[in-house]
Amino acid sequence: MGLQPINPYKRYIMVTVKINGKEITVEDNTLILDAARDAGYEIPTFCYQADLMGIGSCRMCLVEIEGQKKLQPSCVTPVLHGISILTETPTVMSARASMLEFLLANHAMDCPVCDKGGECELQDMVYKYGPHKGRHAEPKFKFHEKDYALSPVIIKNSNRCVQCMKCVRVCREVVGRNVLGALGRGDHQEPTSFFRSFLDCDADGNCIEVCPVGCFMRLPYRYKTRPWDLKGADTICPYCATGCRMVIEHRDGEVIRARAQLGVGMNSETLCARGRFGYEIINSEARLTTPLVRRQRHGTLEPATWEEAFRIIKERMPSLGGNTVGGIAGARLATEELYLFQKLMREVFKTPNVDSGSRWDAAAVEGFIAATDMAEGGVSVFDCMEADTVFVIGSQVSEENPVTEYIIRRISAGRRMNVIIAGPRAMKLDSSANLLLRHYPAAEAALLSAVILDINAAKLAASADLTAAKDAKLDGHLKAAGLTIDDVRALATKLRNSESIAIMAGTEFLRYPHGIESLNLLKELLRSLGKKVRVMPLLDRSNQRGAWEMGVHPAFGPGYVKAPAPGLGISGMLDAAADNSMDALYIAGADPAALYPDEAHVKEALSKVRFLVVQDIFLTETARLADVVLPGASFAEKDGMLTNQEGRAQIIRKLLPPPGKAKVDLDIIRALGEMYDRSFGPKNAALVLDEIRRAQPMYADVSLAFNNKRNVDNKLDNKAALVKGTKAALTIRKFEQAASGQDAQYPFMLATGNHLFHSGRLTNYSKTLNDLMKGMTVEISEEDALASGLAAGERVLVSGAGFSVTLMLTVKKGTKRGVAFIAENFDAAPVNRFFRKGKGAPRVKITKA
Amino acid sequence: MEKILLKNLNNPDAHKIDVYIKGGGYKAFEAALKLQPDNIIQMVKDSGLRGRGGAGFSTGLKWSFIPKDPTIKKYLCCNADEGEPDTFKDRGIMDWDPHLLIEGMLISSYAFGASASYVYIRGEFAFGAKRVQAAINEAYAKRFLGKNILGTGFNHDMYIHCGFGAYICGEETALLESIEGLRAQPRKKPPFPALAGLYGKPTVINNVETLACIPAIIERGPKWFSSIGPEKSPGPKIFGVSGHVKKPGLYELPMGTTLRDLIYNHCGGMLTAKPLKAVIPGGVSAPMFTAKDLDTPLDFDSVAAKGSMLGSGAVIVMDESTCIVKMAHIINRFFSHESCGKCTPCRDGSPWVTNILSRLEHGDGRPGDVELLESLCTNIFGRTFCPLADGAVMALRGAMKNFREEFLYHEKHKRCMV
């Protein structure tokens, strides 16, 4: 099967089989279906899907094997050496037609009103394989009269079901929610939720995507169009750095569907709720459609022409800015735009102050890049999943990168391997893990240091003094992390016993950078023990890696080449601004006012910048403080390239023009540059890409070739798209752990990150996603809820030093005691108000509201 | 003939362990514990015992597929999900002689090294389940079950698992799914249960009657067993006779007894003066025989040679007053109702067939119905995931082969011939 990871320790035996007389050689145990498809013969299927366990139930794929009386299901039957398979005999063809006849017997036959009409696999197959005359003249069994909603995004009509069970299997095997199953038996069997109840699930709609017929349907898309009236563009989901391939489609200028395709992209047919239902932000009424300028100091932002906006910028933004000018670009811009952005800052404004993102400290970023080997080129997640042990740390991957999580779940279920998860909060992927370490927030450093000590114990045991010192240190680490020695030993043993290890390191290392050094140390230590170690970053912004690789960072330029004179990162620029020494700041696609940890500080700093230009697609918290606001374009409105967390460069295509007078960000940046320097360029995305390829060895021969074809083989890992390695001199700075001491008054440590249904603040403009969320929440462990007499669903007051907010309580089984979580995505509950610059994880208390 | 399997059928206290032991019970188990496990497997192989659940696969051979590695946990499952209409042979053993079953299971478990066994009992057999559970409790008390059984170091636990009313659980892999707490649907094979069965471990699934044969084989030797009945399928066999005979009931007879002998000698002949019209030799999925086939010996091979199957040994006798279309409808209604829903031909094909038969039976036949039925049979047979729908098709095909004119009469005249 295409998805089985190649195991280097397994010997591959090749066998020769005949398919319709054609002799082919395939790996032993290949399914007949795969072998036949390889040989170029088409075999229709409903229930088969490469990434799901075969059940062989639809019987569409029956083939003849010479010498066997019965037809065999090719989707679950492996080849045997020497067999002769016939896939196109009259018997096989009549079996196919008869299966379709059976499926149609109880099928609703309501194609004229079915959303799936026109792209329905049942329609296509009946058209192709017959029968073209119906013989069924008995009353049909009906599951129900009216369609019923299963969730705010799923509506169901069981009368159209072909019982392939892909919905149930994708929910269980890939998504891991396991909320679908079948009711009844025989022709009354109905795959649905528990007694058709309303689902409380991840709402990712993968059940809809895998449904071959119109049984599971998108509720927001319902009755809006016929598939042939849609115009689509291939793109990448912009909501995390997993980099899922998808197609967005519009009718009459309104984007009404995002869908993934089987075998296309590393995600194949899967997406999460954000990707599949978050497209509404493109159509949002709140989009910026015209430049806004503040004509008087302390005045309001008023619509203006591009000429006026640019004139004001030219007047107030000194071209030879040097250290008093800075630029911050968001990690959701395309790679070409980010490249041009840093070029604009460095070459036109002559400033080294350039950074990307709103949350991470520049020095932390540099260390993280070094610790995760990003400069050494892309690391495919599929390669990581071939390791003996996968160690996920510093990421709530089930919520931050749902599709990466699907891949971990799916592959780890199919082979013997360790999945180790370290993190303060319980998550869905825990069920795939064979070791869980629940540590306090911001305690990655302590956990990793303890493991390093344990792995090194043999070396240290030689000297009694060292052992004593080690024990004392170990105790300190264990206490800081809230772990026991057994937890750490279990982890150390698993690492020691593995030959290959993949570490997936998440953004907690950027939020609390003192863990970076330990991460790097562990990596080096394991390598010194002769282990094959791969590190893959888990990032939460679609083009974060692209931004760094394009040199949107004060310490290095494109390709991680050290900048001649390092400039200020975001923290430095904000500090300087607070000191009244920033003349101008150009922020494109970033929202530090909403996301920088320490809201008071960032707002004060931004208001003291003498001239603030913000370019975005919505009037963000930051844009409200700007002197000039430039309307940019969303991912649906531009051509470009995004680099995902693995270092996979992928292209996005323009579907629609930007709304109103808004412009593509690349054009805005270039026009700005041209205002100061007529030769600033290159002039379009393709030329910028050429320049990147020339200037940046990592991208020199990355293949962006993309074949949008339904690919039944599921060969998802396109290694040609991974960026290449480069030589980079990056330093890992030592960070002091910010004290986050015990405080009886504030018993909870506050953790933050992305909500499953949101990415940054952008997705707040999607009505569907907001509806799914059912309000803003704070999450604590079950034990804490019991101990404090609080129940899930209750309104609670979360108060920290200086800020308090009322939220709904959610309770999670398995989360570390003493940990509270508030997502960073809520406009009305800005979690960054709890944080203080340089103070570590804040402490809060939770009481009944 | 001496009764082996049903010897305690008329002994009201045989379900009590003391009575059972007094009658020589558990002797065979004690003897088996002194033998090498491999020898027991060889003895069962030599005896020629074939599975009594219907397929007639060699029991000793089935056991020998189990890996010998002692570090791997192994299971024995007893298939007591006797749910087919007119089949009632296993409940006789469970209700009246549960210790015979337990002893058989213990010997089998010891032979291939199973550390636990499950008796999967049809949910409707509440009395049988109660009896078997009580017997298991008694066996634990007497140290025939549990840790270090009779001081030999052999450990074994036994559980009962009651079904919930699904005939498909009699299919061995669906039975495993059901024990595991999953939806009872057949699993794909390979892997066969002998390698990856219950909870992914090597598992043997045997019928109640098969296991009940084991103690006698140990006690009296394989030669004795194979001397009963024909060479290829020897041994005693329980026949559950129902229908238009004077004395329906359970009959333990040697394999190879002819149908005529069974019906006219043992069962006392036809119920009334009406002559025999048809007889189903092995459960409702077996194609019907007519009066001309009455001299067929009832053993696996002879019945198969005549185009039917011995199956579970449920013999259903029908006289001239029986409408074959009605019979076919009842049988197909059962199978389509019991279809698990997994594969297309069974799920959507069987109810279609049943609907047509229902119309024929109720005077609403349409021209072409019989032809359509034959075509549907072709489309279903051999293309399903498990043999459930095959059974329905075989029964219907058998009926249509021998009594086609009745079906055509129903189609044309919209009423019954008889």
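Residues numbered from 1 in each chain as written. Chains lettered and ligands numbered in written order. Predicted model: local features only at pLDDT ≥ 70, side-chain atom pairs only at ≥ 80, totals over all residues. Heavy atoms only, no water.

Caption draft 1: View of the interface of chain B and chain A. Tallying the contact residues gives 33 residues for chain B and 34 residues for chain A. Where chain B abuts chain A, roughly 2,700 Å² becomes buried across the two surfaces, and 51% of that area is made up of carbon and sulfur atoms. There are three salt bridges connecting chain B and chain A. Measuring nitrogen to oxygen at the nearest pair gives 2.8 Å for the salt bridge that ties Glu 138 of chain A to Arg 359 of chain B. Counting across the interface, chain B meets chain A through 17 residue pairs in polar contact (both at pLDDT 80 or more). Looking at the side of chain B that touches chain A, the elements that each hand over two or more residues are helix 13 (324–338), helix 14 (344–361) and helix 15 (369–380) of chain B. A class-by-class count of the residues in the side of chain B that touches chain A yields 11 nonpolar, 12 polar and 10 charged. (Contact = heavy atoms within 4.5 Å. Buried area = accessible area lost by both parts, 1.4 Å probe. Salt bridge = Lys/Arg side-chain N within 4 Å of Asp/Glu carboxyl O. Polar contact = N/O pair within 3.5 Å; in protein donor to acceptor, adjacent residues only side chain to side chain. Helix = DSSP H or I, 4+ residues; strand = E, 2+ residues; numbered from the N terminus. Nonpolar A, V, L, I, M, F, W, Y, C, P; charged D, E, K, R; others polar.)

Caption draft 2: Focus on empty space enclosed by the protein. Residues and elements named next belong to chain A. In total, this model carries 11 cavities of 30 Å³ or more according to the counting rule given. In this model, the largest cavity occupies a volume close to 150 Å³. Considering the residues around the largest cavity, the lining is formed by 18 residues, among which Ser 395, Gln 396, Arg 425, Glu 508 and Thr 752 are closest to the centre. (1 Å grid on protein atoms, 1.4 Å probe; cavity = no way out; pocket = protein on both sides within 12 Å on 5 of 7 lines; lining within 4 Å. Points joined across faces, edges and corners; volume = space filled by probe spheres on them.)

Caption draft 3: Inspection of the state of the cysteines at higher detail. Within this structure, the stated rule accounts for zero disulfides over all chains. For the unlinked cysteine Cys 171 of chain A, the closest cysteine sulfur is that of Cys 201 of chain A, found at 6.5 Å. In this structure Cys 343 of chain B is not part of a disulfide, and its nearest cysteine sulfur, from Cys 346 of chain B, lies 5.2 Å away. (Disulfide = S-S within 2.5 Å.)

Caption draft 4: Structural context of the sheet that holds strand 5 (residues 203–207) of chain B. All names here are of chain B. Taken in spatial order, the five strands line up as 3-4-2-1-5 in an open sheet, and their pairing is mixed. Among the strands making up the open sheet, the edge pair consists of strand 3 (146–149) and strand 5. Taking each pair of neighbouring strands and ignoring which way they run, the sheet shows an average axis angle of 25 degrees. Contacts from helix 9 (residues 208–220) reach strand 1 (75–80) and strand 5, with the element oriented near 90 degrees to strand 5. (Pairing = 2+ DSSP bridges. Axes fitted to C-alpha atoms, helices over the stretch in contact; angles between N-to-C directions.)

Caption draft 5: Fine view of the pattern of salt bridges. Residues and elements named next belong to chain A. For the coordinates displayed, the defined rule picks out 89 salt bridges over all chains. With its nearest N and O atoms 3.5 Å apart, the salt bridge here joins Arg 311 to Glu 315. In this pair, Arg 311 and Glu 315 are both assigned in helix 8 (residues 306–316), four residues apart and thus about one turn of the helix distant. In this structure, Glu 405 engages Lys 428 in a salt bridge whose closest nitrogen and oxygen atoms are separated by 3.4 Å. Of this pair, Glu 405 sits in helix 13 (residues 402–414) while Lys 428 sits in the loop between strand 19 (418–422) and strand 20 (435–437); the two residues are 23 residues apart in sequence, bridging distant segments of the chain.

Caption draft 6: Broad picture of the packing of helix 5 (residues 89–96) of chain B against helix 7 (residues 126–141) of chain B. All names here are of chain B. Helix 7 packs onto helix 5 with a crossing angle of 45 degrees between their chain directions and a minimal axis gap of 7 Å. Classified by the angle their axes make, helix 5 and helix 7 are oblique. Helix 5 and helix 7 meet at a crossing whose hand is left-handed. Each of Met 94, Asp 95 and Trp 96 in helix 5 lies in contact with helix 7, whose residues at this interface are Phe 127, Gly 128, Arg 131 and Val 132. A class-by-class count of the residues in the contact of helix 5 with helix 7 yields four nonpolar, one polar and two charged. (Parallel < 35°, antiparallel > 145°, perpendicular 65-115°, else oblique. Left-handed = near helix turned anticlockwise from the far one by under 90°.)

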